[in-house]
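These are the residues of each chain, in order.
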Amino acid sequence: MRLSQSFIPTMRQDPGEAEVISHRLMLRAGMIRKVAAGIYSYLPLGLRVIRKIETIVREEMNRVGAQELLLPILSPAELWEETGRWDFYGKELVRLHDRHERNFCLGPTHEEVVTDLFRREVRSYRQLPLTLYQIQTKFRDEIRPRFGLMRGREFIMKDAYSFDQDEAGAQQNYQRMYHAYCQIFSRTGLNFRPVEADTGLIGGISSHEFMVLANTGEELIVFDPESSYAANVERAEVALPQEKKSEELQPLEKVSTPNTKSVEDLCDFLKVDASRVVKTLLYQTGDNEITAVLIRGDHQANEIKIQRFLGLHDLTLASPELVEKIIAAPVGFVGPVGISNIRLLADNALRTLTDFIVGGNQTDVHLINVNSTRDFVIHDWGDFRQAQAGDPSPKSGQPMQTARGIEVGHVFMLGTKYSEKMGATYLDAEGQSHPAIMGCYGIGIGRTAAAAIEQNHDEKGIYWPMPIAPFHAQILPVTASEAVRVASEQLYKELEDQHIEVLLDDRNERGGVKFNDADMIGTPYHIIIGDKGLAKNTIEVKDRKTGEKIHLAPSEVTSWIKHAVMQKLRVQN
Ligand code: 9G3
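Residues numbered from 1 in each chain as written. Predicted model: local features only at pLDDT ≥ 70, side-chain atom pairs only at ≥ 80, totals over all residues. Heavy atoms only, no water.

1. Regarding the packing of aromatic side chains
Remark: the centre distance and the inter-plane angle together describe each pair of aromatic rings, the angle taken between the planes.
Thinking step 1. Counted under the stated rule, the structure contains eleven aromatic pairs.
Thinking step 2. Centroid distance F356 to F376: 6.4 Å. Interplanar angle 80 degrees. Geometry classified as edge-to-face. Of the two residues, F356 sits in strand β18 (residues 356-359) while F376 sits in the loop between β19 (365-370) and β20 (380-382), which places them 20 residues apart along the sequence.
Thinking step 3. Ring geometry for Y525 and W560: centres 5.5 Å apart, planes at 85 degrees, overall edge-to-face. Residue Y525 is found in strand β29 (residues 525-529), and its partner W560 is found in helix α15 (residues 557-571); the two are separated by 35 residues along the sequence.
Thinking step 4. Residue classification places W560 among the partly exposed residues on the basis of a relative accessible area of 30%. (Phe/Tyr/Trp six-rings, centres within 6.5 Å; stacked < 30°, edge-to-face > 60°. Helix = DSSP H or I, 4+ residues; strand = E, 2+ residues; numbered from the N terminus. Buried < 20%, exposed > 50% of the residue type's maximum accessible area, 1.4 Å probe, protein only.)

The following block contains the structure:
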C-alpha cells in the first residue's frame, strides 16, 4: 500500500479527549475516529488490526470444532421475556420497536437467540456436542462509555455457545475452549494470564477471565508466584486466619476521638495501626432494614461476596437518614456494641482479633479494647473482604502478589440456566428428554487491539506484535532523489511479490515527518532509504520495538525482511 494514496489520517497534536494511551494512540495513528460517545468508525489501519485478531480467533475456534454462524443484531423482546432478562436489564439494553409497535433490542449478547435456534433445530443426543460462534457488533448503553475501544457502547465481540448432553461433556468442552483461548492470546503476541473469575449476574457455575497484564488495566488480580493460582480480586478466596486469639482481654473503654470519621484520622489520633480498628459498614437490605458488615480497618469490603452471601442482586450503602432512623448513630461513628435491631456479619479476619477499636454510636466517640462475644454478638461469619497482596495463596500458602489487567476474554460454564427456562432439550438414547448443558465464551476484539497497545507502546507510539500488526514493514524514502525513488519502488515491488504487507511512504514529506508517523503507526520494521546509504550501497533496517538497526545491501533486504517476518509470525504460533 502506498501512503500517498491511503486514508491514514495521523495527528501531530495530542487529542485532548483521550484518557488512556491506547485511545490516544489509536486516534493519533489514524486507526479510529469517534462518531458519538462510545461509538467509533474503524478506519483502514484500525480495521486491518481488527481483521488480523478476528482471523486468529476464527482459526482457533474452527480448530476446536466450533462452527461460525451469524445471528441477527435485532432481537425480539419475546425471547428476552422468556429468560426474565427483558425486565432485568434496565437502560443498558438498547430497546426499540418496529412499525407494528413490536419490541426489539440491539443484541448485547446472544444467549437467548442461540438457545432459541437450538430448541427449534436440535432433537437428538446424536447432534451433540454442538458449539456455535459468531463475530459481531454488539450494543450496550454503558452509563459512562470511555477509554476508546476499551469500553464502547458499540463493540465487536466473538461470542460462542456450547451445548452438551452431560456435565462431563460440558466440562470437556469448557477445557477445550479454555485452551483455545490460551492459544489465541499467545498467538496475538500478548502477555496475558487466565484467572478465576466471579460468575456475576449471568449466574454460571465456573468461569475464567483472560487478562492482558498492563498497569493501566481496570481489573485487579491476585496471583501466587509459586503456583498457577490466579484470580480476580472480586473472586479470590481468603483463607481463614492462623493465629490464636489471646486469652487475656482488656476492659472495654470509651474514648473521646474528635473529628475522626475515617480509619486514617482515627489511627493518627490514637497512634494505632489500622489492623486494630474494625469498620462497621451498613448496607440497606430492605425497605426499612440495615445489615452491618464488620471489616478490619486495613481490609477492603468485597461487595460481590457480601451480595452473594445475602442472596441479593445489588448492594447499596444505607443512607445517613436511614442509619439515624434505625440505629440513631452518626455515620462515621457507628459500631456494633449496644445495637440489637440489625443483623451483624463479620469477616473471618475478626475471628482472631482481640481488644480492637470500633465506633461508639455517638459523635466523636470510639470504644477501645472491644471483643466479640463478650461485648456484642456476631450473627454470621464469612469471607467478606477483598484479597490483597501478602494474603496466603489457597494453593501454596505462600504470600500472593497483585497485578493489574485488562479483561479481553471470558469463558463461562452456564449449566442449564438458559436451556431450562427456554425448553432447549434433547432426547437421549432411551428417548428421555433433558435440558442441554451450556457454556458461553466471549472475546472483545476491539478491546484486544486496545490492550495490545497498552502493552506495546513507548513515548513515540505503538510497536505492534507481528501477528496483529497492520503492516509488516514500512519503506521510508527519506531524501527526494531519483536514485532513492527507484530503489524504494524496486524494494516495494519485491516485498509485495513475497506477500510481505508493506507500506511505502511515498508522500512528498520531510524525513522527520515520515519517521514520526512510522513510529506512531508502529509497523515492526522500518526500511530507511537515503542517498547517503545508497552511495555506500546500503539500506538501513530498523526494529521499531528495540531500535536496533542493521545495514544491508539493497539486494539483501527482501530476503532478510521475509525471513524476519516469518520467524516472528511463527514464534507465536
Ligand atoms: C445484557 C446487557 C448487558 C450484559 C448482558 C446482557 C454482560 C450480559 C454477560 C455476558 C456473558 C457472555 C456471551 C459471550 C461470553 C460472555 N452485560 N452480560 O449477559 F442484556 Cl444490557 O455477556 N455472553
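There's plenty left to go through after this.
2. Here's the deal with unusual backbone geometry
Thinking step 1. For the bond from L128 to P129, the omega torsion is -5 degrees, close enough to zero to count as cis.
Thinking step 2. Note on placement: P129 falls in the loop between α5 (111-121) and β7 (130-139).
Thinking step 3. Positive phi, close to 60 degrees, is recorded for F147, a residue that is not glycine.
Thinking step 4. One can find F147 in the loop between β7 and β8 (154-164).
Thinking step 5. Taking relative accessible area as the criterion, F147 reaches 13% and is therefore assigned buried.
Thinking step 6. At D364, a position not held by glycine, the phi torsion is positive, near 60 degrees.
Thinking step 7. Note on placement: D364 falls in the loop between β18 and β19.
Thinking step 8. Residue classification places D364 among the partly exposed positions, given a relative accessible area of 24%.

3. Quick word on the site of the ligand
Thinking step 1. Taken together, the neighbourhood of the ligand is formed by 17 residues, with R85, T109, E111, R140 and G442 sitting nearest.
Thinking step 2. R85 places a side-chain nitrogen or oxygen 2.8 Å from an oxygen atom of the ligand.
Thinking step 3. Residue R140 places a side-chain N or O atom 2.9 Å away from an oxygen atom belonging to the ligand.
Thinking step 4. Here the ligand has 510 Å² of accessible area as a free molecule, and 90% of this is covered by the chains.
Thinking step 5. Elements with a contribution of two residues or more to the shell around the ligand: β8 and β24 (437-444). (Near = heavy atom within 4 Å. Polar contact = N/O pair within 3.5 Å; in protein donor to acceptor, adjacent residues only side chain to side chain. Areas by Shrake-Rupley, 256 points an atom, 1.4 Å probe, with all protein chains shown as cover.)

4. Describing the nonpolar core
Thinking step 1. M31, M61, Y181, F210 and W464 are the most contacted members of the largest nonpolar core, which totals 61 residues.
Thinking step 2. Among the elements that line this core, the one with the most residues is helix α6 (residues 167-187), at nine residues.
Thinking step 3. Two domains each donate at least three residues to this core, and these are domain 1 (15-237 + 402-454) and domain 3 (471-572).
Thinking step 4. Those residues within four positions of M31 in sequence are excluded, and the remaining contacts are M26, S41, Y42, L43, L45, G46, V49, I453, I462 and W464. (Core = buried A, V, L, I, M, F, W, Y, C linked by side-chain atoms within 4.5 Å. Domains from an automatic or database assignment. Contact = heavy atoms within 4.5 Å.)

5. Examining the sheet that holds strand β6 (residues 103-106)
The pairing of strands in a sheet comes from backbone hydrogen bonds and takes either a parallel or an antiparallel form.
Thinking step 1. Read across the sheet, three strands follow the order β4-β6-β5 without closing on themselves; strand pairing throughout is antiparallel. The open sheet terminates on both sides in strands that have one partner only, identified here as β4 (74-76) and β5 (95-97). With direction set aside, neighbouring strand axes in the sheet form an average angle of 40 degrees. (Pairing = 2+ DSSP bridges. Axes fitted to C-alpha atoms, helices over the stretch in contact; angles between N-to-C directions.)

6. Considering the side chain of T260
Thinking step 1. Residue position: T260 is located in the loop between β13 (253-256) and α7 (263-270).
Thinking step 2. A polar atom in the side chain of T260 sits 2.7 Å from the backbone oxygen of T257.
Thinking step 3. Contact partners of T260, with chain neighbours within four places excluded, come to D265, L266, F269, G332, F333 and H366.

7. So, the packing of helix α1 (residues 21-28) against helix α11 (residues 445-455)
Thinking step 1. Where α1 meets α11, the closest approach of the two axes is 8 Å, and the angle between their N-to-C directions is 100 degrees. Between α1 and α11, the angle falls in the class roughly perpendicular. Where α1 approaches α11, its residues I21, S22, L25 and M26 are matched on the opposing element by G446, A449, A450, I453 and E454.
Thinking step 2. Across the contact of α1 with α11, the residue classes break down as six nonpolar, two polar and one charged. (Parallel < 35°, antiparallel > 145°, perpendicular 65-115°, else oblique. Nonpolar A, V, L, I, M, F, W, Y, C, P; charged D, E, K, R; others polar.)

8. Concerning the domain arrangement of the protein
Thinking step 1. For the protein, the assigned domains read domain 1 (15-237 + 402-454), domain 2 (253-382) and domain 3 (471-572).
Thinking step 2. One C-alpha centre belongs to domain 1, the other to domain 2, and the line joining them spans 38 Å.
Thinking step 3. On the domain 2 side, the residues contacting the eight residues of domain 1 number five residues.
Thinking step 4. Note on domain 1 versus domain 2: buried area summed over both sides is about 460 Å², and carbon and sulfur give 46% of it.
Thinking step 5. Across the contact surface, domain 1 and domain 2 share zero salt bridges.
Thinking step 6. Grouping the amino acids of the side of domain 1 that touches domain 2 by side-chain chemistry returns four nonpolar, no polar and four charged. (Buried area = accessible area lost by both parts, 1.4 Å probe. Salt bridge = Lys/Arg side-chain N within 4 Å of Asp/Glu carboxyl O.)

9. Thoughts on the environment of L249
Thinking step 1. With respect to the helices and strands, the residue L249 is situated in the loop between β12 (230-232) and β13.
Thinking step 2. A relative accessible area of 35% means that L249 is categorised as partly exposed.
Thinking step 3. With 95 residues separating them in the primary sequence, L249 and L344 have C-alpha atoms 22 Å apart.
Thinking step 4. Discounting residues that sit within four places of it in the chain, L249 has contacts with T354, D355, N371 and R374.

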